[in-house]
Amino acid sequence: MPTTFYLASESKAKKNGERPIIVSVHIKGTHVLTNIGYSIHPDSWNETTGYVKKGKSNSKGIDFNAINSRINTIKSAFEKLESREAILTKEQILQVIGNTNENSTKKEPEQTPFFTCYDEFIKDGRNNKHWALNTLKKWTALKSHLLKFNPFVTFESFDRDTLDAYVRYCGMDLQMLDVSVTKELSLLRWYMNWAADNGYHSNMVFQRYRAKLKDTKKPVVFLTSDELIKLYEFKIPKNGTEVILHNYDGTECTTTVSEKSSLDKTRDLFCFCAFTSLRYSDMAALKRTDIYDGAIHITTIKTDDTVVIELNSRAKEILDKYKAFDLDGLALPVISNQKMNHYLKMICELCEFNTPLTITSYKNGTRGDYTFPKWQLIGTHAARRTFICHALSAGIPPQVVMKWTGHSDYKAMKPYIDVAEQKKATAMEQFENAF
């Protein structure tokens, strides 16, 4: 236990006999003794437990609940810091104790060089590397996690023990899946490398550090050719229509159609992406002036790649459908990504895309298997996956597909190539069965 609570010596007693309550903090070799801000009479103090006795109060009328609550808050703060291998100065320890006092104005800890450099890192990414909004959100979330983990962390304190403690914090306190913790460490490693390259530290422990985390490959969720054509040609019932649906386990359920107009637009937008390989962000920003000579000419928002995507007949049909609409220069109507994902699941449920898909994940090393009907796992990005999987399965060379999608290396394409190989094997079985 990093903290011990006791009463000051008799020589420090007030005229009414009350003595200040002292906390002794030992953490990573640093020791601090200080008054927690409350006094109590020795008759009201339990020396064995280190708490005010039940039902007792001090001369100011502050009862045992309030004083013991402050003791518990201080104790909890340092137990968490100790579990996270925190290295603190005496001034930082006093700052933690001060910030646990509910009667004082709580101040944010003064940022260590680790976090001031982090702010510079984010500014560099935003201004010089033109990070997208979602990228900035990831880095902002990482900073928030690190601040909660230990606001006094330094470059030098990130040794193996502290990294292990951070992994435990992500898994147990933040309830992250192992795969998410791996991504968190990857981002941290990226920042530490940037800081080292800029001369802010020389701690290279993180480069050799590998956490013992389990991960499994998630299935590539995409629509089969039959599913894509069914979605493209699907006639959405009128609002208020009651539809009987069949689940993958054979049971039936009933749903009532609503928001037909939004479902119709969502279907068109998803299919357009599936026929062109566009990401949601590029589809939503697509202008009519970006389309000429039978192709889409854009610089992608996420990666700043310039791509030219030739239009097929179905993509043209969707564009023609909205030619007469006033869309402020956009080629297609725009629905927010969040709402589109919501409507997409609704329409895919109506289409009864019920193939059961099992997702295996690990949290704190514990395995969990979760089975869902396919429609629950369909999001806007599944359209791009659908395009890539079918393009590769059709025999189009990966380097050609990459020209359309803007992928820069085969590593990002590998999951899709694996799917294409599986489909080829199935096709060969069908060929053999024909004889």
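Whatever comes next refers back to the structure up there.
Residues numbered from 1 in each chain as written. Predicted model: local features only at pLDDT ≥ 70, side-chain atom pairs only at ≥ 80, totals over all residues. Heavy atoms only, no water.

J.: I'd like a rundown of the nonpolar core, residues and numbers included.
T.: One finds Phe270, Phe272, Leu278, Met283 and Leu332 to be the most contacted residues of the largest nonpolar core, which totals 49 residues. Counting residues per element, this core draws most heavily on helix α9 (residues 260-276), which supplies eight residues. Once residues lying within four places of it in the same chain are set aside, the contact partners of Met283 are Leu269, Phe272, Cys273, Leu278, Leu332 and Met340. Grouped together as the second largest cluster of nonpolar side chains are 32 residues, Phe115, Phe121, Leu136 and Leu146 included. (Core = buried A, V, L, I, M, F, W, Y, C linked by side-chain atoms within 4.5 Å. Buried < 20%, exposed > 50% of the residue type's maximum accessible area, 1.4 Å probe, protein only. Helix = DSSP H or I, 4+ residues; strand = E, 2+ residues; numbered from the N terminus. Contact = heavy atoms within 4.5 Å.)

J.: Break down the pattern of salt bridges for me, with residues and values.
T.: Within this structure, the stated rule accounts for twelve salt bridges. Residue Glu227 pairs with Lys374 through a salt bridge whose shortest N-O separation is 2.8 Å. Separated by 147 residues along the polypeptide, Glu227 in helix α8 (residues 225-233) and Lys374 in helix α13 (residues 374-377) bring together distant segments of the chain. Among the charged side chains, a network of salt bridges with common partners joins Asp264, Arg267, Asp268 and Lys321. (Salt bridge = Lys/Arg side-chain N within 4 Å of Asp/Glu carboxyl O.)

J.: Residues and numbers for the sheet that holds strand β8 (residues 291-292), please.
T.: Neighbouring strands of a sheet are bound in pairs by backbone hydrogen bonds; such pairs are parallel or else antiparallel. Strand order in this open sheet of three strands is β8-β9-β10, and the pairing throughout is antiparallel. A strand with exactly one partner marks an edge of an open sheet, and here the two such strands are β8 and β10 (306-310). Where strand β9 (residues 295-299) and β10 come together, five bridges link them in antiparallel fashion. Bridged to His297 within β10 is Val308. (Pairing = 2+ DSSP bridges.)

J.: Go over the side chain of Asp178, please, and point to the residues and values.
T.: Along the chain, Asp178 turns up in helix α6 (residues 178-197). For Asp178, which is buried and forms no salt bridge, the nearest opposite charge comes from Lys214, at a distance of 7.6 Å. Ignoring sequence-local partners within four residues, the contact set of Asp178 consists of Leu213, Lys214, Tyr362, Lys363, Asn364 and Gly365. (Lys, Arg positive; Asp, Glu negative; His and termini not counted.)

J.: Now, about the environment of Ile21: what can you tell me, with residues and values included?
T.: Along the chain, Ile21 falls in strand β2 (residues 19-27). Under the relative-accessibility criterion, Ile21 is labelled buried at 0%. Measuring from C-alpha to C-alpha, the distance between Ile21 and Gly125 comes to 48 Å, with 104 residues separating the pair along the chain. Contact partners of Ile21, with chain neighbours within four places excluded, come to Tyr6, Leu7, Thr34, Asn35, Ile36, Tyr38, Ser39, Ile40, Trp45, Val52 and Ile67.

J.: Provide a residue-level description of a positive patch on the surface, including the pertinent values.
T.: A surface patch of like charges, here positive, comprises Lys138, Lys183, Lys218 and Lys302. Examined against the element boundaries, Lys218 turns out to sit in the loop between α7 (205-208) and α8. Relative accessible area serves as the criterion here: at 54%, Lys218 is assigned to the exposed category. (Patch = residues over 30% accessible without salt bridge, like charges linked within 9 Å, V, L, I, M, F, W, Y side chains within 5 Å. Areas by Shrake-Rupley, 256 points an atom, 1.4 Å probe, with all protein chains shown as cover. Charge placed at Lys NZ, Arg CZ, Asp CG, Glu CD.)

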